[in-house]
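# A structural walkthrough
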Amino acid sequence: MASRLRTGIDVLDRKLGGGLPAGSVVALAAEPASQAELFLYELTATRGTLWLSLNRTASAVSDSIENTPARTGDPTVRYVSGEAPLDNAGKLVSALPQSSNLIIDPLDVLEKQEPHSRFRSFMNDLQNHCFNTNSLAVLHCLEGRSVPPARDTTEHFADVVFRLQTSTASDEVENRLAVPKFRGGRAPADVIKLDLVEEVAIDTSRDIA
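What comes next concerns the included structure. (Residues numbered from 1 in each chain as written. Predicted model: local features only at pLDDT ≥ 70, side-chain atom pairs only at ≥ 80, totals over all residues. Heavy atoms only, no water.)

## What to know about the overall build of the protein chain
When its secondary structure is counted, the protein chain shows 7 helices and 11 strands. Scaling as 2.2 N^0.38, a compact globule of 209 residues should have a C-alpha radius of gyration of about 17 Å, and the protein chain matches this with 16 Å. Taken along the three principal axes of its C-alpha coordinates, the protein chain extends 50 × 40 × 35 Å. Relative to its full complement of 209 residues, the protein chain shows a buried share of 47%. (Helix = DSSP H or I, 4+ residues; strand = E, 2+ residues; numbered from the N terminus. Rg over C-alpha atoms; globule rule 2.2 N^0.38 Å. Buried < 20%, exposed > 50% of the residue type's maximum accessible area, 1.4 Å probe, protein only.)

And the structure:
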C-alpha cells in the first residue's frame, strides 16, 4: 500500500486509513460561503506547503492563516496573477519540493482558461509532479453559481474527491463531507457530519427528527 500523508484532520485521517496516498491530487468541492478554507488551513500544519492564490493577494491569505484559531503551519503563499495564470502556476508547481503540500485556491481561475487543452496539459503535469515527489495537491473547487465546464476534467484527473455540502437546518448550519472518489483505497461509505467553527472536528450531535 502506498505511504499515507496526513491531512491534519484527525477524524478524516481515521476514516481514510491513516490519510491520503502520497502523490495524490485532491479536488475539494465546496460552496464559496462554506468554511472549506479550514481544511486548507489545517493541512498546512502537516508538512511544508506551497499555497497558490488565484483570487486573494498573498498578504490577505497569510493574514487569514495567521489569525485563524485552527492549527496551522507556515506555508509559502504566492499570488498567481497576470494574463497567463496557467503558465505562471505551472512554473511554481514544477519547483515543488519532495514530500510537500500544494494548495491551489481557487482552481476555477485556471479551469476557465482557453483553450481547454492547455488546462489538461497543466493537470497532467501537476499529477506527474505530485506522483514523482510523493506530494499532496489539494485543489479548492468552488461550487458556486457558475461552475466552469472544465470541472469534469478536474474531477476525472483527481485521485480523491471531497464534496462538502453546507446547509441551514432549523437553527443551525450543517456541514457534511462525502468522499465519492478515492483511487488507491476504499472511500468511506458514510457521509461525515462536521463541526466547522474554529477547527475541523466531527459533529457528535444527533439529528432530531
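## Looking at the pairing of strand β5 (residues 76–79)
Two elements, strand β4 (residues 49–53) and β5, share 4 bridges in a ladder whose sense is parallel. Looking at β5, one finds that Ser 53 is bridged to Tyr 79. Traced from β4 through helix α3 (residues 58–67) to β5, the parallel crossover comes out right-handed. (Pairing = 2+ DSSP bridges. Right-handed = clockwise from strand over helix to strand, strands pointing away.)

## Thoughts on the pairing of strand β3 (residues 25–30)
Counting buried residues along β3, 6 of its 6 residues qualify, which places the element largely inside the surrounding structure. Residues Val 25, Ala 27 and Ala 29 point to one face of β3 and Val 26, Leu 28 and Ala 30 to the other, with burial holding for every one of them. Sheet topology places β3 next to strand β7 (residues 136–142); 6 bridges connect them, and they run parallel. Looking at β7, one finds that Ala 30 is bridged to Leu 142.

## A few points about the environment of Glu 114
In this fold, Glu 114 is placed in the loop between α5 (108–111) and α6 (116–133). When its relative accessible area of 62% is taken as the criterion, Glu 114 is described as exposed.

## Observations concerning the nonpolar core
Looking at soluble globular proteins, one finds that nonpolar side chains tend to be buried together. The biggest cluster of nonpolar side chains holds 33 residues, and the ones touching the most others in it are Leu 12, Leu 20, Phe 39, Trp 51, Phe 162 and Leu 177. Here this core takes 5 residues from helix α2 (residues 37–43), the largest share from any one element. Among all residues touching Leu 20, those that are not within four sequence positions of it are Ser 3, Arg 4, Leu 5, Thr 7, Val 26, Leu 136, Val 160, Phe 162 and Phe 182. Among the nonpolar cores identified, the runner-up in size contains 26 residues, and Ala 89, Met 123, Ala 137 and Leu 139 belong to it. (Core = buried A, V, L, I, M, F, W, Y, C linked by side-chain atoms within 4.5 Å. Contact = heavy atoms within 4.5 Å.)

## A few points about the packing of helix α4 (residues 85–94) against α6
Across the interface, α4 lies against α6 with an axial gap of 10 Å and an inter-helix angle of 10 degrees. Considering their axes alone, α4 and α6 lie roughly parallel with respect to each other. Only Arg 118, Phe 119, Phe 122, Leu 126 and His 129 of α6 make contact with α4, whose side of the interface consists of Leu 86, Asp 87, Ala 89, Gly 90, Val 93 and Ser 94. Tallied by class, the residues present in the contact of α4 with α6 amount to 6 nonpolar, 3 polar and 2 charged. (Axes fitted to C-alpha atoms, helices over the stretch in contact; angles between N-to-C directions. Parallel < 35°, antiparallel > 145°, perpendicular 65-115°, else oblique. Nonpolar A, V, L, I, M, F, W, Y, C, P; charged D, E, K, R; others polar.)

## Points about α4
Within α4, burial applies to Pro 85, Leu 86, Ala 89 and Val 93. Angularly, the buried residues of α4 cover 95 degrees about the axis, an arc narrow enough to put them on a single face. Those residues of α4 hidden inside the fold are in contact with β4, β6 (101–105), α5 and α6. (Arc of directions from axis to C-beta.)

## A few points about the pattern of salt bridges
With the rule as written, the count across this model stands at 11 salt bridges. The salt bridge partner of Lys 15 is Asp 190, with a shortest N-O separation of 2.8 Å. Taken as a pair, Lys 15 in helix α1 (residues 10–15) and Asp 190 in the loop between β9 (172–182) and β10 (192–196) lie far apart in primary sequence, 175 residues in all. In this structure Lys 15 comes out as partly exposed when scored by relative accessible area, which is 33%. A salt bridge links Arg 163 to Glu 155, with the shortest nitrogen-to-oxygen separation between them at 2.6 Å. Judged by relative accessible area, Arg 163 falls into the partly exposed class, the value being 24%. Each of Asp 108, Glu 111, Glu 143 and Arg 151 takes part in a single network of salt bridges with overlapping partners. (Salt bridge = Lys/Arg side-chain N within 4 Å of Asp/Glu carboxyl O.)

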